[in-house]
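# Report on the structure
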Amino acid sequence: MKRNIFHGISVSAGIAIGRAFFLARKFPQVQAAREISPTQTGTELARLDAAFESTRREIEDAGRRIPPSLKDQTGILAAHLMICRDPKLIQAARQAVKSDFLSAEWALEKAVAAIAESFSLIEDSYIRERLQDVRAVAERIMGHLRGRLASALPPDEPFILLAHDITPADTLELSLKQIIAFATEEGSRTAHTGIMARSLQIPAVVGVGALEEAVNDGDMLVLDALEGLILVNPDQAVLSRYQTQQNKFSAFQATLRRNAKLPAEPPGGFRVAVRGNIETPDEVMAVLKAGGEGIGLYRTEYGFICRVEPPSEEDLFEEYRRLLSAAAPHKVVFRTLDVGADKMLWDQKMLEEANPALGLRGIRYCLRNQDVFRRQLRAILRASMYGNAALMFPMISGPRELRQAKAVLNEVKQELDTSKVPFDRHMPVGLMIELPAAAMTADILAREVDFFSIGTNDLIQYSIAVDRTNKHVSSLHQPLHPGIVRTIKLVVDMAHMAGVPVSICGEMASDPYCLLILLGMGIDEISMAPQAIPGIKHIIRHLDLDECTRLAREAHDAGSIQAVNRLVKLTLAQAFPDELPFYISLLDTGDFA
Ligand code: PEP
Ligand code: MG
């Protein structure tokens, strides 16, 4: 008997009920006739050209459509586009039609086989790996030749997308509007599927295991991304129960949206600023509608990663000006370019670093590539005239690096002055605390900046030595590890002694449980993905701050992560018994048992 219940990790909250569609990614076997007569070459060449052209358009379209938060995937699209335009591939395939009288499908296969053979002779593993990209593009072209793409999809009906794993490139052939939820066999709490689902605001469960064999296309599914469950072909009673639960979730979301603009003020007068994390100017409206007071983290990488050539100063200026005007009078905090590790620029991949997360990343890349850094700083400074801008440097390891970055900023300001280009002279300058060495020197750093923003995603990665993208160690990514709690507390205390405000812009800020501890430590601002803002503001408005302070103290002194996790869970469950089931958390819920 087939399994009909699957467990996974909820990465985007909600409940979906709908038909299944499994994203097949196998290269379809070529069944077209191999040989053609000389009179058919014209037709076959036209089919081949049309298939290349449709694939090119499809990739360009996907580049425009994919959610901006999937920045690390856009490089793949740029690479695929280059392959699709590669004259060598096109010529080899056309030649096989003209000279060998092969049908378009077989000609394409021959051209790809020839490339594969030439790649296999190359020792460089990086180049050899590019063969996978060539194959992926060939699959798409073949799909067009065989008409597979249109016929393999469910007809105009919303569906739950199942897959082994999903990247934005995989969704090229799907209309994202039709997808009501995701589930993947692979994946961890930090998987791309979750980022994509959160950005599209649809429920998602990852790390579910063997779905492909157990679920047929068209099966009725309940995807419960509150509990991390998938039910296949449930009976009517179960369906009705989930429909009721789905209605309750929607009603709660509607209440949150109605109250989104209320300030995040717990009883007692304290106020915390809640802002949004975004990657493109288009997302500003989502933040403001969700009740965010501006942008606490503008990840500027997207403008660089989605292209093969780096953007010009004018491109950047226009992007930043548009963002500042849309957000005004609210603040926008620009994080200077943080490429490397999981956000590789196309040319950075050539560096072949064994440990890119410990390599030429963030401010290190910028100080080494000052033409790019200066271009970005000029664009931010020029745009600062159009709104309320602030700037911060990522991945700072200590005072020396901060001074080097500030020296470059000052030189750029002088250049602008000399050319009489106006900019906001009072634009606050801050830094991200993401490395333990920065946390330990927070007292010195605080004397030289206007604000701190703690990037907990990286702070956890570098403090616990747990790769944030590695599913094998994802259970060790523990935000309330006493080592993390103590580090954050140290930074907050050092900063406050110097009169410097502290923001949290990592995922911890949008976790309901972590929030208690952060507020208890005296955090001044939090910044998160737009869709998390209304729910987090709701919790803040109903919190007892004295309780948070007590919890933060206990977390600081705790001997075990489990004890802290249990404590925050109990506290929130008492305060929000009805609403808590509608939130998902970064914490390993297994700890609560
Ligand atoms: C962080 O590290 O917490 C952060 C906000 O930056 P990013 O996730 O972009 O590395
Ligand atoms: Mg970071």
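Look a little higher up for the structure.
None of the values given here were measured: they were computed from a predicted structure.

With that settled, the discussion passes to the overall build of the chain. Looking only at helices and strands, the chain features 22 helices and 16 strands. Here the chain holds 593 residues, and 54% of them are scored as buried. Sequence-distant contacts, at least 24 apart, represent 71% of the contacts inside the chain between residues at least 6 apart. Taken as a whole, the chain presents about 25,100 Å² of accessible surface, with 52% of it coming from carbon and sulfur.

Once that is clear, we can look at the packing of helix α17 (residues 456-464) against helix α18 (residues 482-497). Packed helices, taken two at a time, are described by the angle between their axes plus the distance between the axes. Running from amino to carboxyl end, α17 crosses α18 at an angle of 125°, the nearest separation of the two axes being 10 Å. Considering their axes alone, α17 and α18 lie oblique with respect to each other. As for how α17 packs across α18, the hand of that crossing is right-handed. Here T456, L459, I460, S463 and I464 of α17 lie close against α18, whose contacting residues are I484, T487 and I488. Considering only residue class, the contact of α17 with α18 consists of 5 nonpolar, 3 polar and no charged.

Glancing now at the coordination of the magnesium ion (ligand 2). The coordination sphere of the magnesium ion (ligand 2) contains the protein donors E434 (OE) and D458 (OD), at a distance range of 2.0 Å. Highlighted residues: E434 in the loop between β13 (429-433) and α15 (436-440) and D458 in helix α17, separated in sequence by 24 residues. The same class applies to E434 and to D458, which are both buried.

Here we come to the sheet that holds strand β10 (residues 295-299). Hydrogen bonds between backbone groups are what pair the strands of a sheet, and the pairing can be parallel or antiparallel. Reading around the circumference, β9-β10-β11-β12-β13-β14-β15-β16 is the order of the 8 strands in this closed barrel, with parallel pairing throughout. Strand-to-strand, the axes of this sheet are offset by a mean angle of 30°, without reference to chain direction. Two strands pair when backbone bridges link them, and strand β14 (residues 451-454) and strand β15 (residues 502-504) are joined in this way by 3 bridges, in the parallel orientation. Residue pairing across strands places I454 opposite I504, the latter belonging to β15. Sheet contacts for helix α11 (residues 313-327): β9 (273-278), β10, β11 (331-335) and β12 (388-393); angle to β11, the most-contacted strand, approximately 150°.

On the secondary structure map, L297 appears in strand β10. For L297, a relative accessible area of 1% gives the class buried. C-alpha separation for the pair L297 and S453, spaced 156 residues apart in sequence, amounts to 8.8 Å.

The rules behind these values
Residues numbered from 1 in each chain as written. Chains lettered and ligands numbered in written order. Predicted model: local features only at pLDDT ≥ 70, side-chain atom pairs only at ≥ 80, totals over all residues. Heavy atoms only, no water. Helix = DSSP H or I, 4+ residues; strand = E, 2+ residues; numbered from the N terminus. Buried < 20%, exposed > 50% of the residue type's maximum accessible area, 1.4 Å probe, protein only. Contact = heavy atoms within 4.5 Å. Areas by Shrake-Rupley, 256 points an atom, 1.4 Å probe, with all protein chains shown as cover. Axes fitted to C-alpha atoms, helices over the stretch in contact; angles between N-to-C directions. Parallel < 35°, antiparallel > 145°, perpendicular 65-115°, else oblique. Left-handed = near helix turned anticlockwise from the far one by under 90°. Nonpolar A, V, L, I, M, F, W, Y, C, P; charged D, E, K, R; others polar. Donors = N, O, S within 2.8 Å, 3.2 Å for Na, K, Ca; no water. Pairing = 2+ DSSP bridges.

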